There are 2 protein chains.
Amino acid sequence: MNKNKDVAGEEQSGALMADVARLAGVAISTVSRALANPGRVNEKTRAKINAAARQLGYTPNAMARGLRVGKSNIVMIILPGSLYYGVSQIIPQVLQSINKSLIQGGYNLMIANLDRDEISERHILDLAFGGSVRGAIILSSKLPEVDGRSLAGSGLPIVSMLLDMSDAGLQSVVTNDREAVRDVTAELIRLGHRRFFYLAGPEDNYHDVERYAGVLEALGAAGLSEELVHRSGGQLDYQHGFDIGVQAADDFVQLTEKPTAVIATSDDMAISFVSRIQRTGLSIPDDLSVVSFDGSPVCEFSSPPLSTIEQPVEEMGRAAVDLLLDAIDQRQKAGKVRTVIRSKLILRESVAPPRS
Amino acid sequence: MNKNKDVAGEEQSGALMADVARLAGVAISTVSRALANPGRVNEKTRAKINAAARQLGYTPNAMARGLRVGKSNIVMIILPGSLYYGVSQIIPQVLQSINKSLIQGGYNLMIANLDRDEISERHILDLAFGGSVRGAIILSSKLPEVDGRSLAGSGLPIVSMLLDMSDAGLQSVVTNDREAVRDVTAELIRLGHRRFFYLAGPEDNYHDVERYAGVLEALGAAGLSEELVHRSGGQLDYQHGFDIGVQAADDFVQLTEKPTAVIATSDDMAISFVSRIQRTGLSIPDDLSVVSFDGSPVCEFSSPPLSTIEQPVEEMGRAAVDLLLDAIDQRQKAGKVRTVIRSKLILRESVAPPRS
DNA sequence: CGATTTTTGGCAAACGTTTGCTATAAATCG
DNA sequence: CGATTTATAGCAAACGTTTGCCAAAAATCG
């Protein structure tokens, strides 16, 4: 990028395509073609060009290419808010999985936001409308919309991951929240549990709606009343999982008819709930079985080891990137708008039949 | 970005500066100046331009600007490897802190790598030499170097964070690993502990070197022999913290003279060690005190709550970005090449005096 | 009020790469 | 071997913004 070609210092300046052309004795456009469209250039000429490029350590300028072609090689990810919380590595795992697949497709991943306030929404829209990004993967409900600019109206290819936005027309890659929770609830019922304590995420949150529905479905399928499940929480976001669990433990001790099984909808709330409830003298799983959601590795080292539903993050990330790249390349796959990848229940020592 | 100005569909095409100029009845260069150098444009003209820009939802094209100016608005982060592991949120916290500060400075954060293999090194160098990024923050030792291209030779402003690379000439923002571990070891000594079990990270790893040195310093300061500390592990990377802790527990039970205090150098290894050692019947902290490093929030909900050294990630991230922006703007602060921000010991129930 | 200084708008070229089009060379065909 | 077809290299313009320079308008000075 250094225009001063005479610098004899240690710094390796960024060679231009023009430099390669000069050294190889061809036109700039021939260099461009040799690198990007090799079949259009004679083999001998191509060899000369490749040698020159190697000698100069030539690296294409992505901004110039993006400007000319009208497309960048960056994909942005729109987060629900914080990048991390508690023991959950879901978001970092998402980032890792997506990044890995994007790099293989020749793209770079950029984090677009760390909040969903107006400043962040505006920033996301700048990236979208400024041509800086080629597509987006969104992990959050509601597409950004500020001052007459909306992400939906930008024409940018978008894929939703973790939550189902297929109703809004977005290709979505999700796990089977509802079904997974239904199945683990059915397992608790099979073990003999008849009273349940549900640790809720934020009310109306997609994940909470799905997971709670799974509980109710299992009860219905077993001919049991929905009144057998006590719902705790609903005010705090998943980011405050530890707090949810602490408050739930307080809630639990107030109950006169104690439930025998806890269904926590994130590992954080399960971990802090268990910690607090054990201090009241209750024993897990003798007095109370506990299951959780997310699949954080640390659950194996809890006391006792925690049963949890493990999300297939890596697979979902791959699928999301595949869908996005298809949309970018405008390969209209006549496929489903909603891709479901199943979570997996990991049963550990926190679950047992209830005391008779 | 859509060249077809006649599209009457729902899609809001990216308006160009040329469109704003036409609507405002001025030249393109005047629009550019009004937006970027307002003092150079008459107030009345500026108002016309701002109104036109607002009406059209004009968003600058960052690629065009970057190309013309010769500088992008992206900063890359070079990771030591995986983005996440165990309960540690250090890397995600780093990303969040850095991203927050960068956005305030008008930059975007891009993840450059997820590995340190040759493909990833090459990719990092492409970003550096291709003009795609304006600076780098590195969380890993050794600067990328492949095929005659080296990051050090690219002229790109670089700041190291978490590990001290000031000897290699890089501005570095670190925490006081050595001192923090020395102080916590001194506290254990003060409580009466005389035999220690050190859970090591990878041998020769910067962090392990510093932290182990802290242990030895505290012993020396108390006039105690270095032989009082048994070192366990050293083969696995911090990413495998849980495994390190499991192996350390096996190691520990083999010891004839049991140490009374454990100094673990990451929360992951402490958590898994405690889990395993408790299964052998030992009690924390009655039989064995445990301290850890990182400050993961879940430590509060361990059984018993785990004492840990909390890293000042947010503050370090801010400092690193400040240094980087200074370097980008070529503001030569006549300052130290090494910035140290202190970690903080959080004492919880995992530490007690040894049984007499 | 004329001379001088400052402000302001616009032209044109720059940034590094890509690609349509044309002319020429090379290959193929009868 | 001449006519026809195909392959290949190069010219020039495009992408969207920025900025040096110049001319003209406006402001200030004596």
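Residues numbered from 1 in each chain as written. Chains lettered and ligands numbered in written order. Predicted model: local features only at pLDDT ≥ 70, side-chain atom pairs only at ≥ 80, totals over all residues. Heavy atoms only, no water.

Okay, the pattern of salt bridges next. Under the definition given, this model contains 39 salt bridges over all chains. Between Glu349(A) and Arg279(B) there is a salt bridge, with the nearest N and O atoms lying 3.1 Å from each other. Separated into two different chains, Glu349(A) in the segment after strand 14 (344-346) and Arg279(B) in helix 10 (residues 267-279) make up a pair that spans both. Asp208(B) is the salt-bridge partner of Arg231(B), the closest N and O atoms lying 2.5 Å from each other. Within this pair, whereas Arg231(B) is found in strand 9 (residues 229-233), its partner Asp208(B) is found in helix 8 (residues 206-221), the two being separated by 23 residues in sequence. Under the relative-accessibility criterion, Arg231(B) is labelled partly exposed at 26%. Taken together, the salt bridges that share partners define one network made up of Arg178(A), Glu179(A), Arg182(A), Asp183(A), Glu210(A), Glu217(A) and Arg342(A). (Salt bridge = Lys/Arg side-chain N within 4 Å of Asp/Glu carboxyl O. Helix = DSSP H or I, 4+ residues; strand = E, 2+ residues; numbered from the N terminus. Buried < 20%, exposed > 50% of the residue type's maximum accessible area, 1.4 Å probe, protein only.)

Before going further, it helps to spend a moment on the state of the cysteines. Enumeration over the complete set of coordinates arrives at zero disulfides over all chains. Not engaged in a disulfide, the cysteine Cys299(A) finds its nearest cysteine sulfur in Cys299(B); these two sulfurs lie 14 Å apart. Look at Cys299(B) and you get buried, because its relative accessible area is 0%. (Disulfide = S-S within 2.5 Å.)

The next thing to look at is the pairing of strand 11 (residues 289-294) of chain A. Residue and element names in this part refer to chain A. By the criterion of burial, strand 11 is predominantly enclosed, with six of the six residues buried. Both faces of strand 11 are covered, namely the face carrying Ser289, Val291 and Phe293 and the face carrying Val290, Ser292 and Asp294. Of the pairings in the sheet, the one linking strand 10 (residues 261-264) to strand 11 comprises three bridges and is parallel in character. Residue pairing for strand 11: Ile263 is matched across the bridge by Val291. (Pairing = 2+ DSSP bridges.)

With that settled, the discussion passes to the sheet that holds strand 9 of chain B. Residues and elements named next belong to chain B. In spatial order, the strands read 9-8-10-11-12-14; together these six strands make up an open sheet with mixed pairing. Each having just a single partner strand, strand 9 and strand 14 (344-346) make up the two edges of the open sheet. On average, adjacent strands in this sheet sit at an angle of 20 degrees to one another, irrespective of strand direction. Bridge analysis of strand 11 (residues 289-294) against strand 12 (residues 307-310) gives four bridges, and the strand direction is parallel. Bridging across to strand 12, Val291 finds its partner in Ser307. Along the sheet, helix 9 (residues 241-254) makes contact with strand 8 (196-200) and strand 9, crossing strand 8 at roughly 150 degrees. On the sheet, helix 10 packs against strand 8, strand 10 (261-264), strand 11 and strand 12 and is oriented at approximately 150 degrees with respect to strand 11. (Axes fitted to C-alpha atoms, helices over the stretch in contact; angles between N-to-C directions. Contact = heavy atoms within 4.5 Å.)

This next bit is on the packing of aromatic side chains. Summed over all chains, the structure comprises ten aromatic pairs over all chains. Ring geometry for Phe197(A) against Phe252(A): centres 5.1 Å apart, planes inclined by 80 degrees, an arrangement best described as edge-to-face. A residue pair is termed long-range when its members are at least 10 positions apart, and Phe197(A) in strand 8 (residues 196-200) and Phe252(A) in helix 9 (residues 241-254) qualify at 55 residues. The burial state of Phe197(A) is the same as that of Phe252(A); both residues are buried. Measuring from centroid to centroid gives 5.9 Å for Phe197(B) and Phe273(B), while their planes differ by 35 degrees, and the two rings are tilted. With Phe197(B) in strand 8 and Phe273(B) in helix 10, this pair connects stretches of sequence that are 76 residues apart. By the burial criterion, Phe197(B) is buried, and Phe273(B) matches it. An aromatic cluster of three or more residues is present, and its members are Phe197(A), Phe252(A) and Phe273(A). Looking at Arg231(A), its charged tip hangs above the ring of Tyr212(A), at a distance of 4.7 Å from the centre. Positioned above the aromatic ring of Phe293(B) is the side chain of Arg211(B), whose terminal nitrogen or guanidinium carbon lies 3.7 Å from the ring centre. (Phe/Tyr/Trp six-rings, centres within 6.5 Å; stacked < 30°, edge-to-face > 60°. Lys NZ or Arg CZ within 6 Å of the ring centre and 35° of its normal.)

When its domains are assigned, chain A resolves into domain 1 (17-60), domain 2 (74-174 + 313-341) and domain 3 (177-310). Just the C-alpha atoms count here: the centres of domain 1 of chain A and domain 3 of chain A sit 62 Å apart. (Domains from an automatic or database assignment.)

What follows deals with the relation of the copies chain B and chain A. Overlaying chain B on chain A yields an RMSD of 0.1 Å, the required transformation being a rotation through 180 degrees with an accompanying axial translation of 0.0 Å. What the superposition gives is, in effect, a two-fold axis relating one chain to the other. Comparing interface residues between copies, 100% of those in chain B also lie at the interface in chain A; the contact surface is shared. (Least-squares fit on C-alpha atoms with pLDDT ≥ 70 in both.)

Time to look at the interface of chain B and chain A. Contacts between chain B and chain A engage 66 residues on the former and 67 residues on the latter. A combined buried area of about 5500 Å² lies between chain B and chain A, and 59% of that area is made up of carbon and sulfur atoms. Counting every contact that joins chain B to chain A gives four salt bridges. A salt bridge links Arg276(A) to Glu300(B); the nearest nitrogen and oxygen atoms lie 3.7 Å apart. On inspection of chain B and its partner chain A, the count reaches 16 residue pairs in polar contact (both at pLDDT 80 or more). Looking at the side of chain B that touches chain A element by element, the count peaks at seven residues for helix 5 (residues 90-104) of chain B. Of the residues belonging to the side of chain B that touches chain A, the class tally is 27 nonpolar, 29 polar and ten charged. (Buried area = accessible area lost by both parts, 1.4 Å probe. Polar contact = N/O pair within 3.5 Å; in protein donor to acceptor, adjacent residues only side chain to side chain. Nonpolar A, V, L, I, M, F, W, Y, C, P; charged D, E, K, R; others polar.)

For the rest of this paragraph, the subject is empty space enclosed by the protein. Within this structure, the stated rule accounts for two cavities of 30 Å³ or more. Space inside the largest cavity adds up to approximately 270 Å³. For the largest cavity, the lining is made up of 21 residues, of which Phe301(A), Ser302(A), Phe301(B), Ser302(B) and Ser303(B) are closest to its centre. If you list the elements that add at least two residues to the lining of the largest cavity, you get helix 10 (267-279) of chain A together with helix 10 of chain B. Considering each element in turn, the lining of the largest cavity owes the most residues, five residues, to helix 10 of chain B. Looking at the lining of the largest cavity residue by residue, the classes come out as 13 nonpolar, eight polar and no charged. Approximately 190 Å³ is the volume found for the second largest cavity. (1 Å grid on protein atoms, 1.4 Å probe; cavity = no way out; pocket = protein on both sides within 12 Å on 5 of 7 lines; lining within 4 Å. Points joined across faces, edges and corners; volume = space filled by probe spheres on them.)

Another point: the protein's contact with DNA strand D. Residues in close proximity to DNA strand D total 28 residues, the closest being Thr45(A), Arg68(A), Ser32(B), Tyr58(B) and Arg68(B). Here the atoms of DNA strand D within 4 Å of the protein split so that 55% fall in sugar or phosphate, with bases taking the remainder. Contact distances for DNA strand D include 3.3 Å between a phosphate oxygen and a backbone N or O atom of Asn42(A). A distance of 3.5 Å separates a base nitrogen of DNA strand D from a polar side-chain atom of Arg40(B). Sorting the residues of the surface near DNA strand D by element identifies helix 2 (28-36) and helix 4 (62-69) of chain A together with helix 2 (28-36) and helix 4 (62-69) of chain B as the ones contributing at least two each. (Near = heavy atom within 4 Å.)

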